[in-house]
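Structure at a glance
Spelled out, the chains give:
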Amino acid sequence: MTEILTLNKIAKCGTDRFDPAKYSCTDSANDPAAIMVRSASMHEMQFSEGLLAIARAGAGVNNIPIDRCSEQGIAVFNTPGANANAVKELVICAALLSSRKITDAIDWCKTLKGEGENVGKLVEKGKSSFTGPEIMGKTMGIVGMGAIGKLVAEAARDLGMRVVCFDRKGESEIRGVEAVGDIDAVFSASDYLSLHIPCNDYTRNIINSESIGKMKDGVRILNFARGELVNSDDILAALACGKVAAYATDFPTDEQLGVPGVIAIPHLGASTPESEDNCAVMAAQEISDYLKNGNITHSVNMPRVRHLQRRRGCARGHCRGARRKYRVAVQRGKKRNRLSCLRYARPRRGKDKRGERRNKSQSDITKVTDAFGEAQKERLFENNVKIKIRRSV
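In this report, we go over the structure that sits alongside the text. Within each chain, residues carry numbers counting from 1 in the order of the written sequence. With pLDDT at 70 or above as the cut-off, local features in this predicted model cover only qualifying residues; side-chain atom pairs require 80 or more to be listed or tallied, and sums for whole chains, interfaces and linings still use all residues. The side-chain quantities take in all heavy atoms of the structure and omit both hydrogens and water.

Ring pairs shown here join Phe, Tyr and Trp side chains whose ring centres sit within 6.5 Å, with only the six-membered ring taken for Trp; geometry is labelled stacked below 30 degrees between planes, edge-to-face above 60, and tilted in between. Scanning the entire structure with this criterion turns up three aromatic pairs. For the ring pair Phe-77 and Tyr-290, a centre distance of 5.6 Å and an interplane angle of 65 degrees mean the geometry is edge-to-face. With Phe-77 in strand S5 (residues 75–77) and Tyr-290 in helix H10 (residues 273–293), the pair connects residues that are 213 residues apart, well separated along the chain. Measuring from ring centre to ring centre gives 5.6 Å for Trp-108 and Phe-130, while their planes differ by 45 degrees; the resulting arrangement is tilted. By the criteria applied, helices consist of DSSP H or I runs no shorter than four residues and strands consist of E runs no shorter than two, each listed in order from the N terminus.

What follows is about the environment of Ile-221. Tracing the backbone shows Ile-221 in strand S10 (residues 219–223). Ile-221 sits 126 residues away from Ala-95 along the chain, and the two C-alpha atoms are 8.5 Å apart. Whether two residues touch is decided by their heavy atoms; if any such pair falls within 4.5 Å, the residues are in contact. Those residues within four positions of Ile-221 in sequence are excluded, and the remaining contacts are Leu-193, Ile-207, Met-215, Ile-235, Val-244, Ala-246, Tyr-247 and Ala-248.

Pairing between sheet strands relies on hydrogen bonds along the backbone, with the strands arranged either parallel or antiparallel. Taken in spatial order, the five strands of this open sheet run S2-S1-S3-S4-S5, and their pairing is parallel. In the strand order of this sheet, the two ends are held by strand S2 (23–26) and S5, each with one partner. Neighbour to neighbour, the strand axes of the sheet diverge by 20 degrees on average, direction disregarded. Of the strand pairs in this sheet, strand S3 (residues 34–37) and strand S4 (residues 53–56) are connected by four bridges, and their pairing is parallel. Only strands joined by at least two bridges in the DSSP assignment are considered to pair. For helices, the fitted line uses only the C-alpha atoms of the stretch in contact; every axis is such a line through C-alpha atoms, and the angle between N-to-C directions lies from 0 to 180 degrees.

Before going further, it helps to examine the environment of Pro-32. With respect to the helices and strands, Pro-32 occurs in the loop between S2 and S3. Any residue under 20% of the maximum accessible area for its type is buried, any over 50% is exposed, and the rest in between are partly exposed; the area is computed with a 1.4 Å probe on protein chains only. Taking the relative accessible area as the measure of exposure, Pro-32 reaches 7% and is therefore buried. As for Pro-32 and Glu-49, which are separated by 17 residues in sequence, their C-alpha atoms are 9.4 Å apart. Setting aside anything within four residues of it in sequence, one finds Pro-32 in contact with Glu-3, Leu-5, Ser-48, Gly-50 and Leu-51.

Turning our eyes to something else, we now look at the pairing of S4. Burial of S4 is two-sided: the residues Ala-53 and Ala-55 facing one way and the residues Ile-54 and Arg-56 facing the other way are all buried. With three bridges connecting them, S4 and S5 associate as parallel partners. When the sheet's bridge partners are listed, Ala-53 is paired in S5 with Ala-75. Place the viewer so that the strands point away; then a crossover is right-handed whenever the path from the first strand over the helix to the second strand goes clockwise. Traced from S4 through helix H2 (residues 66–71) to S5, the parallel crossover comes out right-handed.

Written out as structure tokens, the structure is:
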């Protein structure tokens, strides 16, 4: 019986993907082959030798020690796009909340309790304190055009906003969305700025006093990516002087709570039944496919590996005589479409020119896979297959 450890409550529709005759999903497994996690921190955990995979039911993996997992040959998966629609809806909600001072207005209405027949008159008298601009015709700036960023761009465009974005690709695939090659251009153009990038050494505190100084007066900043992207002291100072009109965040800190202009949301981005189900199902499929077939999909620390059955009658020569094939896509350079595709195939009987080329390319493949560590390389080569470089695209 293969044990799967769950560190958080995982939707039943996800754990049901495992065959109960072969897998046991519990929150008390002693020697798990895989772990499913949502937001629980794993940095202090000690991993057993039998642990093969960790699946994060969500996109961010800041709560997982990626470097240590790579050293131990543990595949780490995430579920990109599974919660994208839920986060997109909350971002658009936050844009509206930041414009119309809705949260402040709701809190003020609660103070009218007990005024009886005077409530109507008091509402009409006090509503002018909560006026705010419409979002139609304003500019939405988006930093990061991943699964969530694209959905936010489409939604903002459909609401009548001008949308400008910055992404490392330098281009936009969405009609009506303007891509710029400089992040400062997004800062200076935005009435609303939405962040959709991971937190790392390059992006931490990307919103600071310097970047805020490049923005329009009265800009509204929406942070539903990671709290560490925004320097807390600098954003509070900008709110105090009026440079920033509102800051909506899904990751509030103690010093931000209760500050005028801060819309503090308790990390509700993916807190929908649909999102939790999607993430759980996707994470379970990734683990199951890896443990059963050796396939690696959506891993953040290993190359993509896809196990393919031989197709009869294939016109390509390298398909004939190969009982099984593996393809590994290794990202090269900064562009995602610059991939080196490696073809893994069992050697054909006898010697021919193709077999010789496969053998000659062994050293080249070894150089490529060295970047993934010895433990990972052993897993890639555990089937003792011959290797051939197919092409670079």
